Amino acid sequence: MGCGKTTVAKALARQLGCESLDLDSFITEREGRSPAEIISQDGESSFRSIETSALNDVLENDEARVIALGGGAWTIEASRALVTAHDCLSVWLDAPLELCWARIMSNSETLRPMAPDRESTETLFQYRRASYELAELRLIVSHKAPIETAGEIATFLLPA
């Protein structure tokens with residue numbers, strides 16, 4: 001949460017000349033409720049099932065070539081398997097907790113039920129790192145502009 005996934009995905013899609021998609025936004029449109037509302041009303045496990053199903057649908061049917069997953073999607077083995085099965089590059093935007101927390105706090109419009117306070121956020125941050133390490137590409141993003149991070153991903157994707 002707060003590492004810049006959606007912003008970098010948009011910048012990367014512009015550089016590649018393709019469409020990007022934010023999975024949380026896709027879920028909100030499809031379900032008529034935000035991920036936060038689904039988690040609050042139905043629980044996290046219900047949301048993760050919806051999320052994995054939505055990811056499958058996007059990978060099977062959507063034209064987007066750059067997809068920003070929600071912060072917890074990559075922690076679900078079934079979601080990682082879908083990404084692998086569709087031969088997608090997985091990228092971990094590794095941002096320090098301080099940066100993520102500052103962004104979470106500065107965006108009061110977005111309810112984050114998985115990060116209600118700093119202590120919970122730090123616990124979740126540490127727990128998710130083991131899954132994030134499974135990504136094919138890790139980029140440290142603490143002091144980079146999103147366009148620079150997107151450029152690094154594009155360089156990795158495009159042959160020299």
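Residues numbered from 1 in each chain as written. Predicted model: local features only at pLDDT ≥ 70, side-chain atom pairs only at ≥ 80, totals over all residues. Heavy atoms only, no water.

On to the pairing of strand β4 (residues 137-140), then. Of the two faces of β4, the one lined by Leu137 and Leu139 is fully buried and the one lined by Arg138 and Ile140 carries no buried residue. Across four bridges, strand β3 (residues 91-94) lies against β4 in parallel orientation. Among the inter-strand pairings, Val91 is bridged to a residue of β4, identified as Leu137. (Buried < 20%, exposed > 50% of the residue type's maximum accessible area, 1.4 Å probe, protein only. Helix = DSSP H or I, 4+ residues; strand = E, 2+ residues; numbered from the N terminus. Pairing = 2+ DSSP bridges.)

The full count for this structure, using the stated rule, is nine salt bridges. Measuring nitrogen to oxygen at the nearest pair gives 3.6 Å for the salt bridge that ties Arg30 to Glu31. Assessed through its relative accessible area of 33%, Arg30 is described here as partly exposed. Close ionic contact of Arg48 with Glu44 constitutes a salt bridge, the shortest N to O distance being 3.1 Å. Of the two residues, Arg48 and Glu44 both sit in helix α4 (residues 44-61), four residues apart, roughly one turn of that helix. (Salt bridge = Lys/Arg side-chain N within 4 Å of Asp/Glu carboxyl O.)

Residue position: Asp24 is located in helix α2 (residues 23-31). By relative accessible area, Asp24 is classed as partly exposed at 26%. Residues Asp24 and Glu51, spaced 27 residues apart in sequence, show a C-alpha to C-alpha distance of 8.0 Å. Apart from residues lying up to four places away in sequence, Asp24 is in contact with Pro35, Phe47, Glu51 and Gly70. (Contact = heavy atoms within 4.5 Å.)

This part covers the layout of surface pockets. When its volume is computed, the largest pocket comes out at roughly 960 Å³. If you go around the largest pocket, you meet 42 residues; those closest to its centre are Ile67, Leu69, Leu89, Ser90 and Val91. Going through the elements one at a time, α1 (5-16), α4, β2 (66-68), β3, α6 (97-106), α7 (118-132) and α8 (146-157) are the ones with two or more residues in the lining of the largest pocket. Ranked by residues supplied to the lining of the largest pocket, first place goes to α7 with six residues. Grouping the constituent residues of the lining of the largest pocket by class yields 31 nonpolar, four polar and seven charged. (1 Å grid on protein atoms, 1.4 Å probe; cavity = no way out; pocket = protein on both sides within 12 Å on 5 of 7 lines; lining within 4 Å. Points joined across faces, edges and corners; volume = space filled by probe spheres on them. Nonpolar A, V, L, I, M, F, W, Y, C, P; charged D, E, K, R; others polar.)

Right, let's talk about α7 for a bit. With 15 residues, α7 extends 20 Å from end C-alpha to end C-alpha; this agrees with the ideal 21 Å at 1.5 Å per step. Residues of α7 that are buried: Thr121, Leu124, Phe125, Arg128, Ser131 and Tyr132. In this structure, the buried residues of α7 make contact with α4, α5 (77-85), β3 and α6. (Expected span 1.5 Å × (residues − 1).)

Close reading of the predicted structure is inappropriate where its pLDDT is low. Mean pLDDT over the protein stands at 90; residues scoring 70 or higher make up 95%. Across the protein, the element-wise mean pLDDT spans from 83 in α6 up to 97 in α5. (pLDDT = per-residue confidence, 0-100.)

Glancing now at the nonpolar core. In this structure, Leu12, Leu16, Val66, Leu93, Leu139 and Ile153 are the most contacted members of the largest nonpolar core, which totals 21 residues. Looking at this core, the element that brings in the most residues is α1, giving six residues. Residues within four places of Leu12 in sequence aside, it is in contact with Val66, Ala150, Ile153 and Ala154. The next biggest cluster of nonpolar side chains, apart from the first, holds 20 residues, and it includes Ile39, Ala54, Leu55 and Ala73. (Core = buried A, V, L, I, M, F, W, Y, C linked by side-chain atoms within 4.5 Å.)

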